[in-house]
Amino acid sequence: MENKYVKNTLKCNIKVSGIYTIHYFKYGKNFNFKGEQHDFWEMIFIDSGKAVIVADNKEYTLSQGQTFFHKPNEVHKVYTGNQFANSAIISFECKSSQVKALADKVWELSEYEKSLLNKIIQEAKNSYDDKLNEIYLTKMNKKHNAPFGGDQIIKNSIELLIISLLRKITPVKTEKQNSEINLCATQLVSDVKDILTKTLDVNEDISLDTLSYKLGFSKSYIKAQFKKQTGYSVIQYYINLKIDKAKELLSQQKYTVSEIADLLGFSSVYYFSRQFKTLTDMSPTEYVNSIKADNVL
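Residues numbered from 1 in each chain as written. Predicted model: local features only at pLDDT ≥ 70, side-chain atom pairs only at ≥ 80, totals over all residues. Heavy atoms only, no water.

Chemist: I'd like to hear about the overall build of the chain, residue by residue, with values.
Modeler: Along the chain, the regular secondary structure elements total nine helices and eight strands. Split into buried and exposed, the 297 residues of the chain put 43% on the buried side. Counting only contacts in the chain whose residues sit at least 6 apart along the sequence, the fraction spanning at least 24 positions is 73%. Of the accessible surface of the chain, which amounts to about 17100 Å², a share of 50% is contributed by carbon and sulfur atoms. Once the 40 positive and 34 negative side-chain charges of the chain are each reduced to a mean point, those two points are 3 Å apart. (Helix = DSSP H or I, 4+ residues; strand = E, 2+ residues; numbered from the N terminus. Buried < 20%, exposed > 50% of the residue type's maximum accessible area, 1.4 Å probe, protein only. Contact = heavy atoms within 4.5 Å. Areas by Shrake-Rupley, 256 points an atom, 1.4 Å probe, with all protein chains shown as cover. Lys, Arg positive; Asp, Glu negative; His and termini not counted. Charge placed at Lys NZ, Arg CZ, Asp CG, Glu CD.)

Chemist: Can you lay out the confidence of the model for the chain for me, pointing to particular residues and giving the numbers?
Modeler: Confidence in the prediction of the chain, expressed as mean pLDDT, is 87, and 92% of residues score 70 or more. Within the chain, strand 5 (residues 66-70) carries the highest mean pLDDT (96), whereas helix 3 (residues 176-201) carries the lowest (74). Low pLDDT (under 50) marks residues 172-177, which in the prediction has one contact with non-local residues, meaning those over four places away or in another chain. Note that pLDDT drops below 50 for residues 293-297; the model gives that stretch 21 contacts with residues more than four away or on any other chain. (pLDDT = per-residue confidence, 0-100.)

Chemist: Mind laying out a nonpolar patch on the surface, listing which residues take part and the relevant values?
Modeler: The grouping of Tyr112, Leu160 and Ile163 at the surface amounts to a nonpolar patch, some 250 Å² of accessible area in total. You can call Ile163 partly exposed: its relative accessible area is 31%. (Patch = residues over 30% accessible without salt bridge, like charges linked within 9 Å, V, L, I, M, F, W, Y side chains within 5 Å. Salt bridge = Lys/Arg side-chain N within 4 Å of Asp/Glu carboxyl O.)

Chemist: For the packing of helix 4 (residues 208-215) against helix 5 (residues 219-230), give the residues involved together with the corresponding values.
Modeler: Contact geometry for helix 4 and helix 5: axes closest at 9 Å, N-to-C directions at 100°. For the element pair helix 4 / helix 5, the angle class is roughly perpendicular. Contact residues: helix 4 offers Leu208, Asp209, Leu211, Ser212 and Leu215, while helix 5 offers Lys219, Ile222 and Lys223. Grouping the constituent residues of the contact of helix 4 with helix 5 by class yields four nonpolar, one polar and three charged. (Axes fitted to C-alpha atoms, helices over the stretch in contact; angles between N-to-C directions. Parallel < 35°, antiparallel > 145°, perpendicular 65-115°, else oblique. Nonpolar A, V, L, I, M, F, W, Y, C, P; charged D, E, K, R; others polar.)

Below, the structure is given as structure tokens:
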């Protein structure tokens, strides 16, 4: 007897129909882009450092890990002041009405969302001839030997990134007790992140034992809740923070690679370099060599 299968038609809530430019900039001190306006979306993400963006005469300060979406026809510009900053900028066409909810707000990207953004940048490098730091680029030119499916990976990754952000503002109905439990766990994870971040500023290393003592929860509970909410172990998240801090320090060009490894509590320069290469696809030395003295580095 033949089974009768029923097809489920897939619904596409978010559809990206094209890209205009994909950039990765290393801004120098006192960089100031005077501004522009266009009829498509533009996303700016601060990979390290800090920058100020202006959207229709309203200023927003973006720190490391934060992003902002400029809506179509919005006059926008960016400047750094007396500091360095690295940024990824993606301009794209999306007619889906839901994406409007991303405008006029600073967003904090999760590690999953950062991985999608990194995939977009890497595919752009592989698929297009243009340098990603060309500030006045108006048309990207496809490589004749571009890898199969590169455009689709870029398109899908942008869509997944938008969907992930929109899910953060989609209301979810839960029972009161579950809501309170989730709130407590969310606060715990937030506290862990705060402690880990603060240790980088004072060059102090930290362990799970110390976190357990400071927060009053068992190591196993902290590890389980952190993994559940972030998708990363505490240790891997801490390493990611250290590498982000290392990128900031390398951009300042004040310290050697060995000094940065020591400042961030890595057991050796070799281990630091291996972790840096794993997360950025560049060695610390290659990263330093990519930084130039111009305002857009």
